[in-house]
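Residue strings, one per chain:
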Amino acid sequence: MKVKILFIFIPMALLSMSCAEKPAQKPNIIFIMSDDHAYQAIGAYGSVRNQTPNIDRLAEQGMRYDRAFVSNSICAPSRAVAITGKFSHLNSVKDNRDAFDGSQQTLPKILQANGYQTAVMGKWHLKTEPTGFDYWKVLPGQGDYYQPKFKTPQGVVTEQGYVTDLITDFAIDFLDSLRDTSKPFMLMYHHKAPHREWWPSMENLEAYKDKPVPEPPTLFDDYEGRGAAARDAEMRIAEHMGLSSDNKIHPDIVNKHNYHEFMTWYQPVHLKQYASLTPEEKKKWDAVYGPINADFDAKNPTGDTLTRWKYQRYMQDYLGVINSIDSNVGRLMDYLEKNGLAENTLVIYTSDQGFYLGEHGWFDKRFMYEESFRTPLIMRWPEKIKPGQTNTDLVQNIDFAPTILAAAGIEAPEDMQGKSMLPLFKGKNDDWRDALYYHYYEFPSIHMVKRHFGVRTDRYKLIHFYYDIDEWELYDLEKDPQELKNVYNDPAYTEIKADLHKKLQELRAQYKDSDELTQKMLKDDLARMKKK
Ligand code: CA
């Protein structure tokens, strides 16, 4: 009998000891980044244009950040910031033409060294191959919508299907069969969508047909009250959106209307997407866009009527593409639920920057004006974040890497420039920042948005446009939330202007940016342009 009792008690004692000594399980991380997804096109952010029930569910179950910003509003640089926690001037990618230095310290490498398994699926856009990832399957460059090619460590493969569905398949494949279940993981699930030229999936070709969306009040902005940068930017729906390449109208009609169509380098992008449809998809596509073309021919809109028509067409495609992101985010969340991964996984939904949905007459991004400077940011982590919260602190994409490291219980290296957002989960924000720094470099280039840097506080924004001009702009966001009136030379703002200049200098010193560094980067750019 004594022996029998021992058999029962010893294993129980061992079990209780192992429970007491077992450290808390590290959370998994799923970092979802879409490309050019404007907060104005997310239900949880009050969209008047569309519904996004799955992304909204993340917000209902977690925290929505209403003042989340990027540091350089363009694709590749935002990705480099996300994995380094550093501004563009220190992470090797200041514009879409730079190649990422993969030998530097990155978030996935630090996680790997601390027992995490890491994977990146989808858009990468950093030119050099991913480093610090156990698994990766990424789009070459911008990638294609239909039957896209993917780069893998084993070489390039062409996949059959729609890009947003495929990236989700690969993300689920990683969770389901590739990962080591004894380790926590970080999955970077990066969508190409809804990047230009907005080609929807077959299921969403007609999702917004006959559903006119409201026009923004500044669709016909005359740029009065701002400087040369806003006037000279080439991203107006009226003049720079390609009827053929963007709005998918037959090229021989477009040539009458749009100078972009004469730019032979641009045209193939449109033709390539159409050419990549399967015969069955082509039939479906023609059945939807054929009547649109015929209607356009019959009406032959011009002037403001044409701009309105292009805006509606733009929205129909853009929002249709977002439908796929939303349903696929739902698919991934369902997988987490079904597999017991939902509770201890920090899910982050964001975009690489914001986007203009007709505000100021524009599409595209790049500017430090609100629509492109801001980005959607939602975090869900049932173990640490109470459901249904919102936050209005000034957070920025430099904070992503330090936040993920803090969630994993890892101290961030001192040279990372962002801050952990973990204290904000509990609403504590006494020690938070009071201003944000921004610097954009890609000029001269597509869309011709001039180089600029600036500072944004709770209420004001100061911007300096440089290189081929020397102009300052100051906006009072409380009185002028649409940023229509530059008050830099208004005597009523003399003191505020001086304070903002001081703050800008402080931030440049804090983040190690300087005129000398800017000059050096300019020189490097000019040398590169000459080489070409
Ligand atoms: Ca982008």
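Details of the packing of helix H6 (residues 163-178) against helix H12 (residues 303-338)
Two measures define how a pair of helices packs: the angle their axes make with one another and the distance between the axes.
Phase 1 of the analysis: As a packed pair, H6 and H12 sit with axes 9 Å apart at the nearest point and diverge in direction by 10°. By the angle between their directions, the pair H6 and H12 is classed as roughly parallel. In this structure, H6 meets H12 at a crossing whose hand is right-handed. In contact with Thr164, Asp165, Thr168, Asp169, Ala171, Ile172, Leu175 and Asp176 of H6, H12 contributes Ser324, Ile325, Asn328, Arg331, Leu332, Tyr335 and Leu336.
Phase 2 of the analysis: Its residues assigned to classes, the contact of H6 with H12 shows seven nonpolar, four polar and four charged.

Looking at the pattern of salt bridges
Phase 1 of the analysis: The tally for this structure, following the rule as stated, stands at 46 salt bridges.
Phase 2 of the analysis: The salt bridge involving Asp525 is made with Lys94; its shortest N-O contact spans 2.9 Å. Here Asp525 is found in helix H17 (residues 515-531), whereas its partner Lys94 is found in the loop between helix H4 (88-91) and helix H5 (107-113), with 431 residues between them in sequence. Each member of the pair, Asp525 as well as Lys94, carries the same accessibility label: buried.
Phase 3 of the analysis: Between Asp232 and Lys450 there is a salt bridge, and its shortest N-O distance comes to 3.6 Å. In this pair, Asp232 sits in helix H7 (residues 228-232) while Lys450 sits in the loop between strand E13 (435-440) and strand E14 (452-457), placing the two residues 218 residues apart along the sequence.
Phase 4 of the analysis: By relative accessible area, Lys450 is classed as buried at 4%.

Let's talk about the packing of helix H11 (residues 279-299) against H12
Phase 1 of the analysis: Following both chains from N to C, one finds H11 and H12 inclined at 175°, their axes separated by 13 Å at the closest point. Relative to H12, the element H11 is oriented roughly antiparallel. Between H11 and H12, the contacting residues are Tyr289, Ile292 and Phe296 on the first element and Leu306, Trp309, Arg313 and Asp317 on the second.
Phase 2 of the analysis: Each residue belonging to the contact of H11 with H12 can be placed in one class, and the counts come to five nonpolar, no polar and two charged.

Observations regarding the nonpolar core
When a protein is soluble and globular, its nonpolar side chains tend to lie buried together.
Phase 1 of the analysis: Ranked by internal contacts, the top residues of the largest apolar core, which has 71 residues, are Ile30, Leu175, Leu187, Tyr314, Tyr318, Leu336 and Tyr349.
Phase 2 of the analysis: Going through the elements one at a time, strand E1 (28-34), helix H2 (53-61), strand E4 (117-123), H6, strand E8 (185-190), H11, H12 and strand E9 (345-351) are the ones with two or more residues in this core.
Phase 3 of the analysis: Looking at which element gives the most residues to this core, the answer is H12, with 15 residues.
Phase 4 of the analysis: Taken domain by domain, the makeup of this core includes at least three residues from each of domain 1 (28-199 + 321-429) and domain 2 (217-315).
Phase 5 of the analysis: Apart from residues lying up to four places away in sequence, Leu175 is in contact with Ile30, Phe185, Leu187, Leu332, Tyr335 and Leu336.
Phase 6 of the analysis: Ile29, Ala68, Tyr116 and Leu346 belong to the second largest nonpolar core, which has 43 residues in total.

Describing the confidence of the model for the protein chain
Phase 1 of the analysis: Confidence along the protein chain averages 92 in pLDDT terms, with 92% of residues attaining 70 or more.
Phase 2 of the analysis: Predicted confidence for residues 1-21 stays below pLDDT 50, and this span has one contact to residues more than four positions away or in other chains.

Some words on the environment of Trp381
Phase 1 of the analysis: Relative to the assigned elements, Trp381 resides in the loop between strand E10 (377-380) and strand E11 (389-391).
Phase 2 of the analysis: When the C-alpha atoms of Trp381 and Phe355 are compared, they prove to be 27 Å apart, with 26 residues separating the residues in sequence.
Phase 3 of the analysis: The contact partners of Trp381, leaving out residues within four places of it in the chain, are Pro27, Glu343, Asn344, Thr345, Leu346, Ala407 and Phe425.

Some remarks on the domain arrangement of the protein chain
Phase 1 of the analysis: Considered domain by domain, the protein chain is made up of domain 1 (28-199 + 321-429), domain 2 (217-315) and domain 3 (440-531).
Phase 2 of the analysis: On a C-alpha basis, the centres of domain 1 and domain 3 stand 27 Å from each other.
Phase 3 of the analysis: When the two sides are added together, the surface that domain 1 and domain 3 hide from each other amounts to roughly 2500 Å², 57% of it contributed by carbon and sulfur.
Phase 4 of the analysis: By the criterion of area lost to domain 3, the three top residues of domain 1 are His89, Arg366 and Met368, representing 29% of everything that side buries.
Phase 5 of the analysis: Where domain 1 touches domain 3, the interface holds seven salt bridges.
Phase 6 of the analysis: Of the charged contacts in the structure, one is a salt bridge between Glu370 and Lys461, with a shortest N-O distance of 2.8 Å.

Rules behind the numbers
Residues numbered from 1 in each chain as written. Predicted model: local features only at pLDDT ≥ 70, side-chain atom pairs only at ≥ 80, totals over all residues. Heavy atoms only, no water. Axes fitted to C-alpha atoms, helices over the stretch in contact; angles between N-to-C directions. Helix = DSSP H or I, 4+ residues; strand = E, 2+ residues; numbered from the N terminus. Parallel < 35°, antiparallel > 145°, perpendicular 65-115°, else oblique. Left-handed = near helix turned anticlockwise from the far one by under 90°. Contact = heavy atoms within 4.5 Å. Nonpolar A, V, L, I, M, F, W, Y, C, P; charged D, E, K, R; others polar. Salt bridge = Lys/Arg side-chain N within 4 Å of Asp/Glu carboxyl O. Buried < 20%, exposed > 50% of the residue type's maximum accessible area, 1.4 Å probe, protein only. Core = buried A, V, L, I, M, F, W, Y, C linked by side-chain atoms within 4.5 Å. Domains from an automatic or database assignment. pLDDT = per-residue confidence, 0-100. Buried area = accessible area lost by both parts, 1.4 Å probe.

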